[in-house]
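Working through the structure, step by step
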Amino acid sequence: MGDASFGFSNRPFIWMDPRSKIVLFIASSFTLMRGISKVVSEIIFFVFISLLLFNGKQINYTIKMIVTFAIMMYVDINVASMFSGTLGVLLLTVSRVFRIFLPIVMSLTLIVRTTTVSEFIAAFEKMHITKKIVIPFSVMFRFFPTIKEQWVSIQNAMKFRGIHISIRTVVCQPMLTMEYVMVPLLMSAVKISDELSAASLSRGLGGDKKRSCITKVVFGYLDYFVVLISIGFMAYSMMN
Amino acid sequence: MDNKLKTKDLISAGIFGAMYIIVMVATVTVVGFIPITYIFAPFFAGITCGTVYMLYIMKVPKRGAILILSILVGLVILSGTWISGVYAVICGIIAEILFGMGNYKSMKFATASFCAFACTTVGPFLAILIAKDSFLASVVQYYGQEYADKLDALTPSWIILVLIALGIIGGFIGATIGKKILKKHFEKAGVV
């Protein structure tokens, strides 16, 4: 599973509280869904999240994202206006839509890749949220990258047997394609959920007693800073 | 059978929540590229998510399980407007009651409950009812003016009822397919 090793192998330079990461995520989706009208503020927000990702040692990933962002920015400002009609609209759409989603995806990555499940649970328990929400929530966030891994290996296995999933198969044989996609994905999900619950039961998650936790979950200077900036951006987008 | 949620069930809820959201988002993204099919997004999402939902409620047939799933889904949809998050939880409660009426066993009530649950995807469209202008403004941000104009022409206020109806039909089809797939693959393998 590698649920714990994932976070621990990437110890950040400055430790960040999961709660401030969540505030950042909410801020990113909130501001961008409302629509940041000013390009400048969009860039500032992007740079801010990039720095935080660097802090979490997600270096390759961040560089990829920065390059993508720069290209889209360039297309939006310089290239798209050169074409008129459908092509221009298409270019503009692609460059804008994906650019707006980038910070959301990145802040989600920050949560998913640099937080361990136990950090998550400890942080939530401090907020006195009921266990019935905390456990599904933290499992869900940690499970997104696993789905992606599973999906890649399922695709490989299917190619090996000569089954290809493409837009053509989705249009021509939707039912069959759906069955081919859903059944292995769900099978692996069921298996992982069994394994994970066995693992967490053995770590004492099922007990009635209050859990203790070695990791200290406290707000540091960086966290206050992140929360302040996030709230600032939310307020800014509300005003516009 | 013990009807209380245990840690094991909560973990299943998290995993199936993740699966449900991924399948839903993938469907909406694929379908959403053309304005006309974007309107049908709840319908298609209902069809594809049916299997995930049916497997989930067969695996965790307990009180509160569906509610947790709706909260997880609601948190994701919430990023549009807060109303759609609340709406998702309301759908979840209705689905929960429907499945509860079948004593958490009956397949017929399971289908009915997914019909209600599939309506969660209508959530983002609720903005059409409440604040059409700001909704279209956000669409302009994402897809450009031309797309928004097309969407504007397609969406008078009553469309929301059509969307909910489509969601219910999609949910029914999805649940039916889900049941078939469960029978064909998962019951044999002894998963449920």
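Here, residues in each chain are numbered from 1, in the same order as that chain's written sequence. Chain letters start at A and ligand numbers start at 1, both assigned in the order the entries are written. Reporting of local features is limited, given that this is a predicted model, to residues whose pLDDT is at least 70; pairs of side-chain atoms are given and counted only at 80 or more, and all residues count toward the totals for whole chains, interfaces and linings. Note that the side-chain values use all heavy atoms of the structure and ignore hydrogens as well as water.

In the nomenclature of an unreviewed UniProt entry, chain B is known as MptD family putative ECF transporter S component of Alkalibaculum sporogenes.

The name given to chain A in an unreviewed UniProt entry is Energy-coupling factor transporter transmembrane protein EcfT, with the source organism recorded as Alkalibaculum sporogenes. UniProt positions are given in the numbering used here, feature names are shortened, and annotations may be inferred rather than shown by experiment. Heading Subcellular location (unreviewed entry) of the UniProt record for chain A holds this comment: "Membrane".

**Quick notes on the UniProt feature "transmembrane region" (unreviewed entry) in chain A**
Annotation from UniProt places "transmembrane region" (unreviewed entry) at residues 22–54, 66–94, 100–124 and 218–239 of chain A. Helical segments are the DSSP runs of H or I of at least four residues, strand segments are the runs of E of at least two, and each set is numbered from the N terminus. Across residues 100–124 of chain A, the secondary structure splits into 92% helix and 0% strand, with the terminal C-alpha atoms separated by 29 Å.

**Focus: the packing of helix α3 (residues 41–59) of chain B against helix α4 (residues 65–77) of chain B**
Residues and elements named next belong to chain B. Under this scheme, a helix contributes an axis fitted over its contacting stretch, all axes are lines through C-alpha atoms, and angles between N-to-C directions fall in the 0 to 180 degree range. With their axes 10 Å apart at the nearest point, α3 and α4 run at an angle of 140 degrees to one another. In terms of orientation, α3 lies oblique with respect to α4. Here α3 contributes Tyr53, Tyr56 and Ile57 to the contact with α4, which in turn contributes Ala65, Ile66 and Leu69. Relative orientations are named as follows: roughly parallel for angles under 35 degrees, roughly antiparallel for angles over 145 degrees, roughly perpendicular for angles from 65 to 115 degrees, and oblique for any other angle. Should any heavy atoms of two residues lie within 4.5 Å, those residues are counted as being in contact.

**Observations regarding the nonpolar core**
The biggest cluster of nonpolar side chains holds 72 residues, and the ones touching the most others in it are Tyr20, Tyr53 and Phe117 of chain B. Other than its neighbours up to four places away in sequence, Tyr53 of chain B contacts Tyr20, Ile66, Leu69, Ala95, Ala110, Ser113, Phe114 and Phe117 of chain B. Residues Leu24, Ile49, Tyr61 and Leu110 of chain A belong to the second largest nonpolar core, which totals 18 residues. Residues belong to a common nonpolar core when they are buried Ala, Val, Leu, Ile, Met, Phe, Trp, Tyr or Cys residues joined through side-chain atoms within 4.5 Å. The classification of residues rests on relative accessible area computed with a 1.4 Å probe and restricted to protein chains. Under 20% of the type maximum is buried, over 50% is exposed, and intermediate values are partly exposed.

**Section: the environment of Phe45 of chain A**
Residue and element names in this part refer to chain A. For Phe45, the location among the structural elements is in helix α3 (residues 39–55). Phe45 sits 17 residues away from Ser28 along the chain, and the two C-alpha atoms are 8.2 Å apart. In this structure Phe45 touches Ala27, Ser28, Thr31, Pro103 and Phe233, once residues within four positions along its chain are discounted.

**Overview of the packing of aromatic side chains**
Residue and element names in this part refer to chain B. Under the pairing criterion, centres of Phe, Tyr and Trp rings, with the six-membered ring standing for Trp, must be within 6.5 Å; the plane angle then separates stacked pairs below 30 degrees from edge-to-face pairs above 60, leaving the rest tilted. As enumerated under the stated definition, the model contains 10 aromatic pairs over all chains in all. With a centroid separation of 4.7 Å and an interplanar angle of 40 degrees, the aromatic rings of Tyr53 and Phe114 are classed as tilted. With Tyr53 in helix α3 and Phe114 in helix α6 (residues 107–117), this pair connects stretches of sequence that are 61 residues apart. When its relative accessible area of 0% is taken as the criterion, Tyr53 is described as buried. On the basis of relative accessible area, Phe114 is assigned to the buried category, the value being 0%. An aromatic cluster is present here, built from Tyr20, Tyr53, Phe114 and Phe117 joined pairwise through their rings.

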